[in-house]
Number of protein chains: 2
Amino acid sequence: MPKPRLKVIPLGGLSEIGKNMMVLEFEDDIIVIDAGLMFPEEEMLGIDLVIPDVSYLVERKEKVRGIVITHGHEDHIGALPYILPQLNVPVYATKLTRGLISVKLKERKAHDGAVVKTVSPGSAVTLGKFRVEFFPVCHSIPDAAGLIIHTPMGDIVHTGDFKLDHTPVGGRPTDLSRLAQLGSKGILLLFSDSTYAELPGYTPSEKVVGDTLDRVIAESPGRVIVTTFSSLVSRIQQVIDAAAKYQRRVFVIGRSMSDTVHLALDLGYLKAPDGVLARMDELKGLPHNKIVFVTTGSQGEPTSALVRMANRDHPQVHIQRGDTIVLSATPIPGNEALVNRTVDSLFKQGAQVLYNKVADVHVHGHASQEELKLILNITKPKFFVPVHGEFRHLTFHARLAESLGTPSGNIFVLEDGDVLEITEDGGKVTGKVAASNVYVDGLGVGDVDSIVLRDRRMLSKDGIVMVVIAVDSQTGKVVGRPDIISRGFVDPEEFRDMLEASRDLVARVLDHGGARPAEWSFVSTKVRDTLNKFYYEQTRRRPMILPFMVKV
Amino acid sequence: MPKPRLKVIPLGGLSEIGKNMMVLEFEDDIIVIDAGLMFPEEEMLGIDLVIPDVSYLVERKEKVRGIVITHGHEDHIGALPYILPQLNVPVYATKLTRGLISVKLKERKAHDGAVVKTVSPGSAVTLGKFRVEFFPVCHSIPDAAGLIIHTPMGDIVHTGDFKLDHTPVGGRPTDLSRLAQLGSKGILLLFSDSTYAELPGYTPSEKVVGDTLDRVIAESPGRVIVTTFSSLVSRIQQVIDAAAKYQRRVFVIGRSMSDTVHLALDLGYLKAPDGVLARMDELKGLPHNKIVFVTTGSQGEPTSALVRMANRDHPQVHIQRGDTIVLSATPIPGNEALVNRTVDSLFKQGAQVLYNKVADVHVHGHASQEELKLILNITKPKFFVPVHGEFRHLTFHARLAESLGTPSGNIFVLEDGDVLEITEDGGKVTGKVAASNVYVDGLGVGDVDSIVLRDRRMLSKDGIVMVVIAVDSQTGKVVGRPDIISRGFVDPEEFRDMLEASRDLVARVLDHGGARPAEWSFVSTKVRDTLNKFYYEQTRRRPMILPFMVKV
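Calculation notes
Residues numbered from 1 in each chain as written. Chains lettered and ligands numbered in written order. Predicted model: local features only at pLDDT ≥ 70, side-chain atom pairs only at ≥ 80, totals over all residues. Heavy atoms only, no water. Domains from an automatic or database assignment. Helix = DSSP H or I, 4+ residues; strand = E, 2+ residues; numbered from the N terminus. Buried < 20%, exposed > 50% of the residue type's maximum accessible area, 1.4 Å probe, protein only. Expected span 1.5 Å × (residues − 1). Contact = heavy atoms within 4.5 Å. Pairing = 2+ DSSP bridges. Axes fitted to C-alpha atoms, helices over the stretch in contact; angles between N-to-C directions. 1 Å grid on protein atoms, 1.4 Å probe; cavity = no way out; pocket = protein on both sides within 12 Å on 5 of 7 lines; lining within 4 Å. Points joined across faces, edges and corners; volume = space filled by probe spheres on them. Buried area = accessible area lost by both parts, 1.4 Å probe. Salt bridge = Lys/Arg side-chain N within 4 Å of Asp/Glu carboxyl O. Polar contact = N/O pair within 3.5 Å; in protein donor to acceptor, adjacent residues only side chain to side chain. Nonpolar A, V, L, I, M, F, W, Y, C, P; charged D, E, K, R; others polar. Parallel < 35°, antiparallel > 145°, perpendicular 65-115°, else oblique. Least-squares fit on C-alpha atoms with pLDDT ≥ 70 in both.

Participant: With reference to specific residues and values, describe the domain arrangement of chain A.
Facilitator: Taken as a whole, chain A is organised into domain 1 (6-201 + 364-445), domain 2 (206-354) and domain 3 (463-551). Computed over C-alpha atoms, the centres of domain 1 of chain A and domain 3 of chain A are 54 Å apart.

Participant: How would you explain unusual backbone geometry if you had to name every residue and give the values?
Facilitator: Residue and element names in this part refer to chain A. In this structure, Asp 34 is a non-glycine residue whose phi angle is positive, near 70 degrees. Tracing the backbone through its elements, the reader meets Asp 34 in the loop between strand E3 (29-33) and strand E4 (49-51). The residue Asn 88 is not glycine, and still its phi comes out positive at about 55 degrees. Mapped onto the fold, Asn 88 is located in the loop between helix H3 (80-87) and strand E6 (91-93). According to the relative accessible area criterion, Asn 88 is exposed, its value standing at 58%.

Participant: Give a description of helix H7 (residues 233-245) of chain B that names residues and reports values.
Facilitator: Residue and element names in this part refer to chain B. An ideal rise of 1.5 Å per residue puts 18 Å on 13 residues; H7 measures up with 18 Å between its terminal C-alpha atoms. With respect to burial, H7 is a largely interior element, ten of its 13 residues being buried. Contacts made by the buried residues of H7 are with helix H6 (207-219), strand E13 (224-227), strand E14 (249-253), helix H8 (255-266), strand E15 (277-278) and strand E16 (291-295). Within two residues after H7, Gln 247 carries a phi angle of roughly 50 degrees, on the positive side.

Participant: Could you give an account of the side chain of Asp455(A), with specific residues and numbers?
Facilitator: Note that Asp455(A) resides in helix H13 (residues 450-462). Judged by its relative accessible area of 8%, Asp455(A) falls in the buried class. Sequence-distant contacts of Asp455(A), that is, excluding residues within four places in its chain, are made with Met544(A), Arg487(B) and Gly488(B).

Participant: Help me get a handle on the sheet that holds strand E24 (residues 464-471) of chain A, residues and values and all.
Facilitator: All names here are of chain A. Spatially, E25-E24-E26 is the arrangement adopted by the three strands of the open sheet, whose pairing is mixed. Looking at strand neighbours, the two that pair on one side only are strand E25 (478-487) and strand E26 (544-551), the edges of this open sheet. Recorded for the sheet is a direction-independent mean angle of 15 degrees between the axes of neighbouring strands. Pairing of E24 with E26, which is carried by eight bridges, proceeds in the parallel orientation. If you follow Ile 469 over to E26, its bridge partner there is Met 549. Strands in contact with helix H15 (residues 520-539) are E24, E25 and E26; relative to E26, the strand with the most contacts, it is inclined by about 145 degrees.

Participant: Run through the pairing of strand E22 (residues 438-441) of chain A, naming residues and quoting values.
Facilitator: Residue and element names in this part refer to chain A. Covered by surrounding structure in E22 are Val 438 and Val 440 together with Tyr 439 and Asp 441, the residues of both alternating faces. Across three bridges, the pairing between E4 and E22 is antiparallel. By the bridge assignment, Leu 49 is partnered in E22 with Val 440. In this sheet, strand E23 (residues 444-445) lies alongside E22 in antiparallel orientation, the contact comprising two bridges. What sits directly across from Asp 441, in E23, is Gly 444. Hairpin connection between E22 and E23: a loop of two residues separates the two successive antiparallel strands, and Gly 442 in this loop has a positive phi of roughly 65 degrees.

Participant: Run through empty space enclosed by the protein, naming residues and quoting values.
Facilitator: Residues and elements named next belong to chain B. As enumerated under the stated definition, the model contains two cavities of 30 Å³ or more in all. Taken as a whole, the largest cavity encloses approximately 60 Å³ of empty space. The calculated volume of the second largest cavity comes to roughly 50 Å³. Residue lining of the second largest cavity: Gly 12, Leu 14, Asn 20, Met 21, Met 22, Ile 33, Asp 34, His 158, Val 387 and His 388, and that is the complete set.

Participant: Lay out the sheet that holds strand E22 (residues 438-441) of chain B with the relevant residues and their values.
Facilitator: Ordered by their spatial adjacency, three strands build an open sheet running E4-E22-E23 (chain B), and the pairing between neighbours is antiparallel. Of all the strands in the sheet, just strand E4 (49-51) and strand E23 (444-445) of chain B have a single pairing partner and so form its edges.

Participant: Residues and numbers for the environment of Val115(B), please.
Facilitator: Residue and element names in this part refer to chain B. Topologically, Val 115 is positioned in the loop between helix H4 (95-107) and strand E7 (116-118). For Val 115, a relative accessible area of 38% gives the class partly exposed. The spatial distance from the C-alpha of Val 115 to the C-alpha of Val 471 is 59 Å, given a sequence separation of 356 residues. Setting aside residues no more than four positions away along its own chain, Val 115 makes contact with Val 89, Pro 90 and Val 91.

Participant: Describe the interface of chain B and chain A, naming the residues involved and giving the relevant values.
Facilitator: Contacts between the two partners involve 63 residues from chain B and, on the opposite side, 63 residues from chain A. With both chains or domains summed, chain B and chain A bury close to 5500 Å², and 58% of this area falls on carbon and sulfur atoms. Linking chain B with chain A are 16 salt bridges, by the criterion used here. Scanning the region where chain B abuts chain A turns up 26 residue pairs in polar contact (both at pLDDT 80 or more). Where the side of chain B that touches chain A is concerned, the elements lending two or more residues are helix H10 (336-348), helix H12 (391-403), helix H13 (450-462), strand E24 (464-471), strand E25 (478-487), helix H15 (520-539) and strand E26 (544-551) of chain B. Residue composition of the side of chain B that touches chain A, grouped by class: 25 nonpolar, eleven polar and 27 charged.

Participant: Give me the lowdown on the packing of helix H3 (residues 80-87) of chain B against H4(B), citing residues and values where you can.
Facilitator: Angle between the axes and distance between the axes are the two parameters that describe a pair of packed helices. Residue and element names in this part refer to chain B. Close contact between H3 and H4 brings their axes to 9 Å; oriented N to C, the two are set at 80 degrees. Taken together, the axes of H3 and H4 lie roughly perpendicular to each other. Each of Leu 80, Pro 81 and Leu 84 in H3 lies in contact with H4, whose residues at this interface are Ile 101, Lys 104 and Leu 105. Looking at the contact of H3 with H4, its residues break down into five nonpolar, no polar and one charged.

Participant: Summarise the relation of the copies chain B and chain A; cite the residues concerned and give the values.
Facilitator: Rotating chain B by 180 degrees about the axis while translating it 0.1 Å along that axis superimposes it on chain A, leaving an RMSD of 0.1 Å. When the rotation and shift are considered jointly, the pair of chain copies conforms to a two-fold rotation axis. Taking the C-alpha atom as reference, chain B places Ser460(B) closest to the rotation axis, 2.3 Å from it. By residue overlap, the copies meet face to face through one surface: 100% of the interface positions of chain B are interface positions in chain A.

Participant: Account for the pairing of strand E9 (residues 130-136) of chain B, with residues named and values stated.
Facilitator: Residue and element names in this part refer to chain B. Counting buried residues along E9, six of its seven residues qualify, which places the element largely inside the surrounding structure. The pairing of strand E8 (residues 124-127) with E9 spans four bridges and is classified as antiparallel. Note that in E9 the partner of Leu 127 across the bridge is Phe 130. Taking the residues between adjacent antiparallel strands as the criterion, E8 and E9 are bridged by two residues, where Gly 128 takes a positive phi near 60 degrees. Sheet topology places E9 next to strand E10 (residues 145-151); six bridges connect them, and they run antiparallel. Within E10, the position partnered with Phe 135 by the bridge is Gly 146.

Dropping the structure here:
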């Protein structure tokens, strides 16, 4: 009889930050933890978003018992609308997370047939041989959960994204007692959040930002505009609390912010005293020092309310001297330029702007090194797999575990697609499954490949030159003079002479091979090489050159 | 008789960081301070670099007495190869700066006829009615200068880029005595570096990094690879000093790093004890704990030695377990992703990597708020113009000046192209001159305009679809079936049916207008609209659609 064997397969979340997805497989049962998306990197031109490759799961569809979601951020739920139709399995999540998933599924019209079940923190669901218990963790969204997964081989803890905030706002602190209780006999395997494993010390409490918000809302002479992530409900709560304290009214602006605020109010994750929240039609006539706006745009998103205000393009709010704007967030890597531009525009209109470099307006939601050590220490895992982060974060986290005494042979810094097999003899990476990026572009999921992207990249640099050559379908002879059309290469007016000269050049190349009906592929290559050389000499640019033959 | 009038015109360096250029005009004399370039931002597709628009100067060529350069960084000298041929005026700089300018001019073949004169710190040149005195300042490149500009209306101080490092490495501290002496009677106008005006406190000394480098080079078990900016000669000096102390030999890798090291050695700005610097052919057989490499790549530049090492693509250096890599720099905004990817690849190969987030491996070269206050206090300017920075930096700097007592009416936060006129009555912005970005793309300077860039942007998102329609030149009738070729839009194999369907669609559109020879522009618009709609419905993508008629 074969030994019991647990397979651990990350399908996302380890090679890049985002699109988190972890697969656990024991005998005939598979469970999936999280199903996130990633926003495209700079070189993924034209791509809307990136999701994990789930072909491993699709091929084993009958074994998949369910998808367990730790919390409602895009990088943990965003792939659901794309993969649920392929897998058709139930999804388990806490109450607010479930609400956010429903919104996503509706947006993408993937709601039909989807089953999303609510699990309360502290309770559990049985999925084949896995029993999954949810426990509360503190993170930058309410109702975040970690998972305790009971298996025939032992207990597994997955922290989800977390921090240890002893004074959280409107949520429960991470349940350390439950973890300590489990850890008293030691657990089999720990998955722990590595996003901030580079940072020494402790992550500050959400309360720190509350003090800043309180002071700003108390002292600002005019309107206060607070912008943050719509899912950062605790931040919105603190704005509402401070506004109530200083008799200001709060106007929630923008669709995604309004949607989340309403969902959070309905489900009881956000509380507003009567008369604090206001409708836009109540704005008129209200003194400026009685107004707080809450909106998105902290990442400089071009269509957000804040950016439209910064560009003097918002229908209702016009920035003026006396306004104070708080960017209660840090720019996600890659968004710095957009955020900086937004801050500059707001300053130009005379506003006071507070952002992470100049004021304590944000704390992040992930554990730093001392918190990670605490989790390692109280759970006492036999095996450790750092998750959520790029290779350097995982490496730092692995070193922390080693420094606390986990044997290095029991620590696995995995990459997406690695298959880690755990038996009573130990753990070993035994193979690799497909886990590359799946690109979503418009309606297309996975159809944009490296060739399409390479073409976009080439087109983006120096544009395109089309060469249209008419050929008599009877004689194979060239008819007339070749045509040349360019886009994104040079100004066609200014470079008219050069473009005309290149037509002549093509004509000569064709003439040369003209006596016998040359092979098109030969002619095409010749034309491409000749123009490549000519244009590079003239401009030091390398447009894509596309010769095309029309048979007439 | 008109009152004496000084014109201050920033042509670059105030709307974005980089491409610094300040123009001073008094009666018939113009001087220019710095002539820098800027690296393209993300949306400037295919652009190599960006320089200031100097048409204001070209139109007044006979008045321009010279260009005064504060230091040898690209954002202060990089535009010289492009503008000197247009202006043909002498350039004044300190010795090392002059050396770096010569290298730039030779690289771009702009050396012929260029006159670059050396000015020692402490001495002065007369340029029309301006007398320009250079004084030493501390910055992240040796031989950096500030300027004291004596004019008939009073003295002007321009700090250049600077910090106040009381223990600089291999350079002189900023000459505060000279400034204090001038300030005793108060100066007319101060231009001061705003790059880090957001940051409270003092910028740490270069010595801080020396301690880290010393420890790393002493304690690392194997080879140490230090990467930094090639112009950061003081950092290279500290690496050489530590290597000498621990009997390691230093190998300088990569062309730009070697060029600068040789220039700095030749001119006496870098000192190496005998036998420390080594040639690559001395590498073989040397124990790993006797080796230090110095190279570029701290910004993740794809062609740099470090990135090639990270990609296992360097001919001489193969990263292995035991190597320690120090990224002695912070990523310039926009380079974060490249740098992160490089760090990850190095970790994957088993190296230890030290970078700004996890170790004290870099200090920057610009003054923080307390240093800026000190300069304002000792120079006692009547008028203040913050320079070098984006709008938010200038705003913070202006507020500092206001908090120290400069009347707000005498502080001018300018934008590129603003004309500030100063008379005995006060200062006033009286107009605006051309000062937009001039794009350099290959050999083209200024020919790439917003249309070319817009096309590149469109092409980069969803690619292009060309529609070739053959028309009988006699009858005006369409010949054969229209052809469709796409690049960067969809996989042509996978979407063959859709592309064929779109050919049919075009054929129908042409048929419809076929009875009478329709106007091409009308047909073209019709084809474009039809395909736009069809492709968007099918794919939610919007490729550029380019109908083209071949007359046969």
